[in-house]
Amino acid sequence: MCVCGLLSGFLAGLIGVRSPPLIIFFFLYEFPPVQVKANGAVIAAVNTVVRIITYVCNPPPEEYGSASWFIAEDIWLYVVVAVVAITASPVGLYFTKYLNKSGYKVGLTALLIVNGVTMITTALLDLI
């Protein structure tokens, strides 16, 4: 678990996506969904706090075009992400009650596939 956590933290710092190593870990080792969600919440909270501290302490490069990482034009992006996350979380928690172990693994597999497709698509679009 420590190796997956280390790899997850490294990937979160490197590319902003921490999920694949954790998805693979929880796919291979059986843990109750409540523990998986608790681990995910703690990891996401720590990752977010570290990112905010880093962004506040380190100004962006000159080519960024702003003296701060946080600009007024992005406020609606933050608001929409917060509203969607707050709205979707209870729905996901509700449906968790109806998942058995195989359904949970199917969900993890689907999430891993979506992460992979997203990363590959983003990389290809950056090449164009």
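This text goes with the structure placed above it.
Quick caveat: nothing in here was measured; it's all calculated off a predicted structure. Along each chain, residues carry numbers from 1 onward, in the same order as the chain's sequence is written. The model is predicted, so local features are restricted to residues of pLDDT at least 70 and side-chain atom pairs to those at 80 or more, both for listing and for counting; the totals for chains, interfaces and linings are taken over all residues. Here the side-chain values reflect all heavy atoms present in the structure, with hydrogen atoms and water set aside.

Focus: the packing of aromatic side chains
We count it as follows: Within 6.5 Å between ring centres, the rings of Phe, Tyr and Trp (the latter by its six-membered ring) count as paired, and their orientation is classed by plane angle as stacked under 30 degrees, edge-to-face over 60, tilted in between. Only DSSP runs of H or I covering at least 4 residues are called helices, and only runs of E covering at least 2 are called strands; the numbering of each starts at the N terminus. Exposed residues in this analysis have more than 50% of their type's maximum accessible area, buried residues have under 20%, and partly exposed residues fall in between, with area computed by a 1.4 Å probe over protein chains only.
A complete count under the given rule lists four aromatic pairs for this structure. Judged by centre distance (5.3 Å) and plane angle (40°), the ring pair of Tyr55 and Trp69 falls under tilted. Here Tyr55 is found in helix α3 (residues 33-57), whereas its partner Trp69 is found in the loop between α3 and α4 (75-96), with 14 residues between them in sequence. Arranged with centres 6.2 Å apart and planes meeting at 70°, the rings of Tyr55 and Phe70 form a pair that is edge-to-face. Placement of the pair is Tyr55 in helix α3 and Phe70 in the loop between α3 and α4, with a sequence separation of 15 residues. What makes Tyr55 partly exposed here is its relative accessible area of 32%. Pairwise contacts between aromatic rings join Tyr55, Tyr64, Trp69 and Phe70 into one cluster.

Points about the environment of Pro32
With respect to the element layout, Pro32 can be found in the loop between α2 (19-28) and α3. Relative accessible area serves as the criterion here: at 43%, Pro32 is assigned to the partly exposed category. When the C-alpha atoms of Pro32 and Lys101 are compared, they prove to be 8.9 Å apart, with 69 residues separating the residues in sequence.

Let's talk about the nonpolar core
Note the following rule: For the purposes of this section, nonpolar cores are sets of buried Ala, Val, Leu, Ile, Met, Phe, Trp, Tyr and Cys residues that join through side-chain atoms within 4.5 Å. It only takes one pair of heavy atoms within 4.5 Å for two residues to be counted as in contact.
Grouped together as the largest cluster of nonpolar side chains are seven residues: Leu22, Ile23, Phe25, Phe26, Val36, Tyr104 and Leu108. Per element, the largest residue contribution to this core is four residues, and it comes from α2. Not counting chain neighbours up to four residues away, the residues in contact with Tyr104 comprise Pro33, Val36 and Leu99.

Points about a nonpolar patch on the surface
Condition: Residues enter a patch when their relative accessible area is above 30% and they make no salt bridge; the linking distance is 9 Å between like charges and 5 Å between nonpolar side chains (Val, Leu, Ile, Met, Phe, Trp, Tyr). A 1.4 Å probe and the Shrake-Rupley method give the accessible areas. Residues count as covered only by the protein chains that appear here. We define a salt bridge as a contact between a side-chain nitrogen of Lys or Arg and a carboxyl oxygen of Asp or Glu at a distance within 4 Å.
A cluster of nonpolar side chains, contributed by Ile52, Tyr55, Val56, Phe70, Ile75, Trp76, Leu77, Tyr78, Val79, Val81 and Val83, occupies part of the molecular surface with about 1100 Å² of accessible area. Of all the secondary-structure elements, those providing two or more residues to the nonpolar patch are α3 and α4. Looking at the element boundaries, Ile75 is found in helix α4. With a relative accessible area of 44%, Ile75 lands in the partly exposed category.

Section: the packing of α2 against helix α5 (residues 101-127)
The criterion, for reference: Orientation is described by lines fitted to C-alpha atoms, with helices fitted over the stretch in contact, and by angles between N-to-C directions that extend from 0 to 180 degrees. In this scheme, roughly parallel covers angles under 35 degrees and roughly antiparallel covers those over 145, while 65 to 115 is roughly perpendicular and the rest are oblique. Note: crossing handedness is left-handed where the near helix turns anticlockwise from the far helix by less than a right angle, and right-handed where it turns clockwise. Classification convention: Asp, Glu, Lys, Arg as charged; Ala, Val, Leu, Ile, Met, Phe, Trp, Tyr, Cys, Pro as nonpolar; all other residues, Gly among them, as polar.
Taken N-terminus to C-terminus, the directions of α2 and α5 make an angle of 155°; their axes are 10 Å apart at the nearest point. Considering the angle they form, α2 stands roughly antiparallel to α5. Taken as a pair, α2 and α5 cross one another with a handedness that is left-handed. Here Ser19, Pro20, Ile23, Ile24, Phe26 and Phe27 of α2 come into contact with α5, specifically with Lys105, Leu108, Thr109, Leu111, Leu112, Asn115 and Met119. Of the residues in the contact of α2 with α5, the class split is nine nonpolar, three polar and one charged.

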